[in-house]
Amino acid sequence: MIRTHVIPCDLPKAEADVLSGVSRKIERRTDKNTALIAVGGNALIRAGERGTIAEQRANAATTAHYIVQLIRRGYALVLTHGNGPQVGAQLLRSELAAPQVNPEPLDVCVADTQGAIGYLLEQALKDALDAAGLSVPIVTVITQVLVDERDPAFNRPTKPVGPFYTEEEARRRQRELGWAIVEDAARGYRRVVASPEPLEIVEIDVIRSLVANGNLVIAAGGGGVPVARRDGHLVGVEAVIDKDLAAALLARGLGVDTFIIATDAEQVYLNYKRPDQVALGRIGASAAQEYARAGQFPPGNMGPKIDAALRFLRGGGAEVIITSPERLLDAVLGKTGTHILPDETADRQNYECLPLGAKAQAPLALGAVTTC
């Protein structure tokens, strides 16, 4: 069900203020379990694919099938999605067409891809719902996410966007356009932009109303369109918001029961891709934080997902599940996936990290080999 919750004192003030405001505005409730599913980039473009529209439609249909399995179980859902490859392609098209038409800024590219991906997902979900004999309205919300232009991330741009350039072309753009440029793994040079903290979902009231009235909502695609306030107006900024952090902010603002991160792995692992690799079944938030501090979750891979999970739980969330799209239903039923829980829940159930369906005798020590 959609619920209100107490805002914990350890959240950053800006986030706590936002959550306090949105939680009070929930007026209508549903007796269904509610979940936000953050679908990764492989939902539309899989490894080794070119990213054609035909490929994206086929992949969207597969992902929609797994999502509808949850709807059949009575879940009210909100979806978010990645858009990295699509934004890169949009920027490339914009550059190639620059001699004929004005190029699009990054914020407009993000908005464009939110609409395009939402369209593909809407069609796939409608077909899957029809096949299951279900009737659920679907709507995509072009979503703006507020950031602070004073965020230190704007002084340290790190997120690569767009195509690769030769060093000569990259340096020219750096001089003429003021871009920050980095060399990328000997493949060439790329533009990098800031990845600031998401502070507020601008359309949160609209999304909440749509969910409360029984709609399947697709929102905050690609982390949302980054906007800042200038002189009382919202303006787009050249940045990319981490999609998982934006999804966690949206999940907290809506007060959903479960935050599900659908990625390309069935579970989260310790010692990933090493001989002593260990899959995590259930784990308390403090243990997850400890593993993160020990460097178990790299920044470019699982790190942002664990960060997003912990933010959701600190904001009053009940459970985070990390799994692959193919195992969504089994994960929700407790058969697989990594389940991250508030410490008080983990303590009541007498585990920190254990195989699904088992009870731990003691918390898992960092570096310990276990079957969890």
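Please refer to the structure higher up on the page.
Along each chain, numbering runs from 1 in the same order as the chain's sequence is written. This being a predicted model, a pLDDT of at least 70 is required before a residue's local features are given, and a value of 80 or more before pairs of side-chain atoms are given or counted; all residues contribute to the totals for chains, interfaces and linings. Remark: hydrogens and water are excluded; side-chain values derive from all non-hydrogen atoms of the structure.

Asker: I tried to follow helix α7 (residues 243–254) on my own but got confused; where do I start?
Answerer: Every α-helical turn comprises 3.6 residues, leaving residues that sit three or four positions apart pointing alike. Working definition: helices are DSSP H or I runs of at least four residues, strands are E runs of at least two. Numbering for both runs from the N terminus. One less than the residue count of a helix, multiplied by 1.5 Å, gives the span that helix is expected to have. Over its twelve residues, α7 extends 16 Å from the first C-alpha to the last, a length consistent with the 16 Å expected when each residue adds 1.5 Å. Think of it in three bands: with a 1.4 Å probe and only protein chains considered, a residue is buried below 20% of the maximum accessible area for its type, exposed above 50%, and partly exposed in between. Among the twelve residues in α7, eleven count as buried, and that is most of the element. Taken as a whole, α7 has its buried residues at Asp244, Leu245, Ala246, Ala247, Ala248, Leu249, Leu250, Ala251, Arg252, Gly253 and Leu254. Here a polar contact means two N or O atoms within 3.5 Å. Within protein one must be a hydrogen donor candidate and the other an acceptor candidate, and residues neighboring in sequence count only if both atoms are side-chain atoms. Its side-chain oxygen 3.0 Å from the backbone nitrogen of aspartate 244, aspartate 242 forms the N-cap of α7.

Asker: Sorry if this is basic, but what is going on with the nonpolar core here?
Answerer: Proteins that are soluble and globular tend to have nonpolar side chains buried together. Nonpolar cores are built from buried Ala, Val, Leu, Ile, Met, Phe, Trp, Tyr and Cys residues. Side-chain atoms within 4.5 Å join them into one set. Membership of the largest hydrophobic core comes to 50 residues, with the highest contact counts inside it found for Leu36, Ile207, Leu250, Phe259 and Ile340. Sorting the residues of this core by element identifies β1 (33–39), α6 (204–212), β9 (216–219), α7, β12 (258–262), α8 (285–293), α9 (303–314) and β16 (319–323) as the ones contributing at least two each. Here the element with the most residues in this core is α7; it accounts for eight residues. Only heavy atoms enter the contact rule, under which two residues are in contact if any of them lie within 4.5 Å. Setting aside chain neighbours within four positions, we find isoleucine 340 in contact with Ile283, Gly284, Ala285, Ala288, Ile306, Ala309, Leu313, Glu319, Val320 and Ile322.

Asker: Can you help me understand the packing of aromatic side chains in this one?
Answerer: Aromatic ring pairs: the centre-centre distance and the angle between the two ring planes describe each pair. Side-chain rings of Phe, Tyr and Trp (the six-membered ring for Trp) are treated as a pair once their centres are within 6.5 Å; stacked means planes under 30 degrees apart, edge-to-face means over 60, and tilted covers the remaining angles. Summed over all chains, the structure comprises three aromatic pairs. The interplanar angle of 50° and the centroid separation of 6.1 Å between the aromatic rings of tyrosine 165 and tryptophan 179 together place this pair among those described as tilted. Of this pair, tyrosine 165 sits in strand β5 (residues 159–165) while tryptophan 179 sits in the loop between α5 (167–177) and β6 (180–183), and the two are 14 residues apart along the sequence. This pair shows no difference in class: tyrosine 165 is buried, exactly as tryptophan 179 is. Whether a charge sits over a ring comes down to the Lys NZ or Arg CZ being within 6 Å of the ring centre and within 35 degrees of the ring normal. Here the basic side chain of arginine 190 rests over the ring of phenylalanine 164, its NZ or CZ set 4.9 Å away from the ring centre.

Asker: What is the right way to read the sheet that holds strand β4 (residues 144–146) from this model?
Answerer: In any sheet, the strands associate via hydrogen bonds between backbone groups, in a parallel or an antiparallel arrangement. At least two DSSP bridges between two strands are needed for those strands to be called paired. Strand order in this open sheet of four strands is β8-β4-β10-β11, and the pairing throughout is mixed. A strand with exactly one partner marks an edge of an open sheet, and here the two such strands are β8 (200–201) and β11 (233–236). Pairing of β4 with strand β10 (residues 225–230) involves three bridges; the strand directions are parallel. In the sheet register, leucine 146 faces β10, and the bridge partner there is valine 227. Lines fitted to C-alpha atoms define the axes here, with helix axes fitted over just the stretch in contact, and angles between the N-to-C directions of these axes take values from 0 to 180 degrees. Helix α4 (residues 106–131) contacts β10 and β11 of the sheet and is inclined by roughly 135° relative to β10.

Asker: How do you make sense of the pattern of salt bridges when you look at a structure like this?
Answerer: Any two side chains of opposite charge can pair, so long as their charged atoms come close to each other. What makes a salt bridge here is a side-chain nitrogen of Lys or Arg within 4 Å of a carboxyl oxygen of Asp or Glu, nothing more. Counted by the stated rule, this structure contains 17 salt bridges. Among the ionic pairs, glutamate 326 bridges to arginine 46, the shortest N-O distance being 3.9 Å. Linking glutamate 326 in the loop between β16 and α10 (328–332) with arginine 46 in the loop between β1 and α2 (53–72), this pair joins segments that are 280 residues apart in sequence. The partly exposed category is assigned to glutamate 326, whose relative accessible area is 35%. Accessibility expressed as a relative area gives 23% for arginine 46, which makes it partly exposed. One salt bridge connects arginine 230 with glutamate 149, and the closest N-O pair in it is separated by 2.6 Å. With arginine 230 in strand β10 and glutamate 149 in the loop between β4 and β5, the pair connects residues that are 81 residues apart, well separated along the chain. Overlapping salt bridges bring together Glu95, Glu169, Arg172, Arg173 and Glu176 as one network.

Geometric descriptors of this kind do not, in isolation, establish any biological role.
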